[in-house]
Amino acid sequence: MRTRLAALVLLLLLAGCSSGGTRDDGRITLRLQSLAWQEESVEANKQLVDEWNTTHPDVRVEYVQGTWDSVHDQLLTAFEGGEAPDIIHDASDDLADFAYGGYLADLTGLLPARLKSDIPRRSWETTTFGDGVYGVPFLQEPRVLVANATWLRESGVRIPTPAKPWSWAEFRHITERLSGGGKYGVAWPLKEPVSATLNLSLSAGGQLFHRGPDGRVTVRFEAADQVVPRTVHAQANTDRSASPTTLGSGGSDTLPGFFAGRYAMVPLGFSYRQQIARQAPEGFDWQVLPAPAGAGGLTQGVSPQTLSIAEDCPHKKEAAEFLDFFLRPRNMVRLALGDWMLPTGTQALKDPALHRTKDGWDTGTALAGHLRPAPAQSVRGYPEWKDKVATPAFQEYYSGAIGLRELRGRLERDGNLVLARYQR
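If you're wondering where the values come from, they're calculated on a predicted model, not measured in any experiment. (Residues numbered from 1 in each chain as written. Predicted model: local features only at pLDDT ≥ 70, side-chain atom pairs only at ≥ 80, totals over all residues. Heavy atoms only, no water.)

S.K.: Hey, could you run me through the overall build of the chain in this one?
M.R.: Along the backbone of the chain there are 18 helices and 17 strands. By the compact-globule yardstick of 22 Å for 424 residues, the chain fits well, its C-alpha radius of gyration being 22 Å. For the chain, the C-alpha atoms occupy an extent of roughly 70 × 50 × 40 Å along the three principal directions. Across the 424 residues of the chain, 56% fall into the buried class. When the accessible surface of the chain is split by element, carbon and sulfur atoms take 49% of a total near 17800 Å². Considering the chain, the positive charge centre built from 45 side chains and the negative charge centre built from 49 side chains are found 5 Å apart. (Helix = DSSP H or I, 4+ residues; strand = E, 2+ residues; numbered from the N terminus. Rg over C-alpha atoms; globule rule 2.2 N^0.38 Å. Buried < 20%, exposed > 50% of the residue type's maximum accessible area, 1.4 Å probe, protein only. Areas by Shrake-Rupley, 256 points an atom, 1.4 Å probe, with all protein chains shown as cover. Lys, Arg positive; Asp, Glu negative; His and termini not counted. Charge placed at Lys NZ, Arg CZ, Asp CG, Glu CD.)

S.K.: Before we go on, may I ask you to explain the pattern of salt bridges in this structure?
M.R.: A side chain with one charge can pair with a side chain of the opposite charge if their charged atoms come near. Summed over the entire model, instances satisfying the criterion amount to 14 salt bridges. In this structure, Glu384 and Arg421 form a salt bridge, with 2.2 Å as the shortest nitrogen-oxygen distance. Within this pair, whereas Glu384 is found in helix H17 (residues 382–399), its partner Arg421 is found in helix H18 (residues 404–421), the two being separated by 37 residues in sequence. A salt bridge links Arg408 to Glu412, with the shortest nitrogen-to-oxygen separation between them at 3.2 Å. Taken together, the residues Arg408 and Glu412, both in helix H18 and four residues apart, mark about one turn of the helix. Overall, Arg408 belongs to the partly exposed group, its relative accessible area being 39%. Among the charged side chains, a network of salt bridges with common partners joins Glu384, Lys388 and Arg421. (Salt bridge = Lys/Arg side-chain N within 4 Å of Asp/Glu carboxyl O.)

S.K.: Honestly, the pairing of strand E15 (residues 305–309) in this entry has me stumped. Any pointers?
M.R.: Taking burial as the measure, the five residues of E15 include five buried ones, the bulk of the element. Every second residue of E15 is oriented toward a common face, with Gln305, Leu307 and Ile309 on one face and Thr306 and Ser308 on the other, all of them buried. In the sheet, strand E4 (residues 87–91) pairs with E15 via five bridges, with the strands oriented antiparallel. When the sheet's bridge partners are listed, Ile87 is paired in E15 with Ile309. (Pairing = 2+ DSSP bridges.)

S.K.: Sorry if this is basic, but what is going on with H17 here?
M.R.: In an α-helix, one turn spans 3.6 residues, which is why side chains three or four residues apart end up on the same side. Helix geometry: H17 is bent most strongly at Ala390, by close to 40 degrees, with proline Pro392 lying one to four residues after it. Of all the positions in H17, only Tyr382, Pro383, Glu384, Trp385, Val389, Ala390, Thr391, Ala393, Phe394, Tyr397 and Tyr398 are classed as buried. One or two residues past the end of H17 sits Gly400, with phi positive at roughly 90 degrees. (Bend = angle between axes of the 7 residues up to and from the residue.)

S.K.: Whenever I open this one, the packing of aromatic side chains confuses me. Can you help?
M.R.: Working definition: an aromatic ring pair is given by the centre-to-centre distance plus the angle between the planes. Taken as a whole, this structure holds 21 aromatic pairs when the rule is applied. Between the aromatic rings of Tyr397 and Tyr398, the centroid separation amounts to 5.8 Å while the plane-to-plane angle is 50 degrees, which identifies the pairing as tilted. When sorted by exposure, Tyr397 lands in the same class as Tyr398, which is buried. One aromatic cluster is present, built from ring pairs that chain together Trp52, Phe322, Phe325 and Phe326. (Phe/Tyr/Trp six-rings, centres within 6.5 Å; stacked < 30°, edge-to-face > 60°.)

S.K.: Help me understand the packing of helix H2 (residues 39–55) against helix H14 (residues 329–339), please; the structure alone is not making it clear to me.
M.R.: Geometry of a packed helix pair, given as the angle between the helix axes and the separation of the axes. Two elements in contact, H2 and H14, have axes separated by 7 Å at closest approach and are oriented at 155 degrees. Considering their axes alone, H2 and H14 lie roughly antiparallel with respect to each other. The chirality of how H2 crosses H14 is left-handed. Residues Glu40, Ser41, Ala44, Asn45, Gln47, Leu48 and Glu51 of H2 lie in contact with H14, whose contacting residues are Asn331, Arg334, Leu335, Gly338 and Asp339. (Axes fitted to C-alpha atoms, helices over the stretch in contact; angles between N-to-C directions. Parallel < 35°, antiparallel > 145°, perpendicular 65-115°, else oblique. Left-handed = near helix turned anticlockwise from the far one by under 90°. Contact = heavy atoms within 4.5 Å.)

S.K.: Explanation requested: the packing of H17 against H18 in the structure shown.
M.R.: Where H17 contacts H18, the two axes come as close as 9 Å, and the packing angle between them is 170 degrees. Taken together, H17 and H18 sit at an angle that is classed as roughly antiparallel. Note on element contacts: H18 touches H17 through Leu404, Leu407, Arg410, Leu411, Asp414, Gly415, Val418, Leu419 and Arg421, opposite Tyr382, Glu384, Trp385, Val389, Ala390, Pro392, Ala393, Phe394, Glu396 and Tyr397. Of the residues in the contact of H17 with H18, the class split is 13 nonpolar, one polar and five charged. (Nonpolar A, V, L, I, M, F, W, Y, C, P; charged D, E, K, R; others polar.)

Here it is as structure tokens:
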């Protein structure tokens, strides 16, 4: 009920904005709904909109502030009500249903060659559905280990690097070694466990979703898919090296305990460094480490942030021109720095500001070449599968309430029933 209410409130707010179109004076107006939320990111987005408006008086862009909370339901309501913004900020793993549903414009013939060649093919794969491209992937973030540098240094454990990362078995051993006396080697924030589990599982060779010759997708929870879940489960329930109280927490919720010295490491998205840099007590020494590697090396799945154009937008050409401006290499760097994430563009990734050792920028940039599309990118029905099947199943498994066999049965049996409804 709260989700539907939030979607309705935001739809009403959007409806209150001037609709995209052509005004009486001939000036085109486009609405950009941004989901930027960090202060630096919001400022960077608004500055770029202002710069566009200053240099393009005939095509004005209106900045509309959205929110990541319930964005899928909000957009679906807006699309069905004919009130969708012209330019849509979202994440690639949320686009499949909108793309197949005809709500997003195919950008194949709209984007300039510069932009298409600057972003690697592996990133474009995250927004390609069927024969069309339905979004521009522009920001991405690997998952990393944020560590108490003093604790690790004094313990004498081997410090991993992108060139020589820990294996998953070594990671488990080290977190056990660091634990004891009411302290834990790791705190897993798994309030939203699905994307973290699936994306990290690529490092172990996991796949989970398998597409057959007929195009139908089925879930198979095989040995490689089980490496990461079994590691987390063992840390929390066997080794007692993972804090049990953080399993239902969000990333930000773990930071007070991390700063207080209760956890040696916290696996987090790269952008959490912003909060850590701002909130860490004076003298607290922290560092960024690569996530563990397995049979797939340092490979991780990512769902980049995206910019799409609504199919109902009456000025798609002008909207695409704005995207080209907004995502020029120097502007992509500004957006990445504002969000403490990595740009997808190859030119932007070369910027010296993204290779600094301070705040672990260099570690994150070293991982950029290992990022691949998240396993669920093109799976229709993924949001429902995630919310109704996978999230509760993983939460119960990590807490010790169910075993691996029950987890597998629910992911495959119940999950395939959900996906089948979208593939008829």
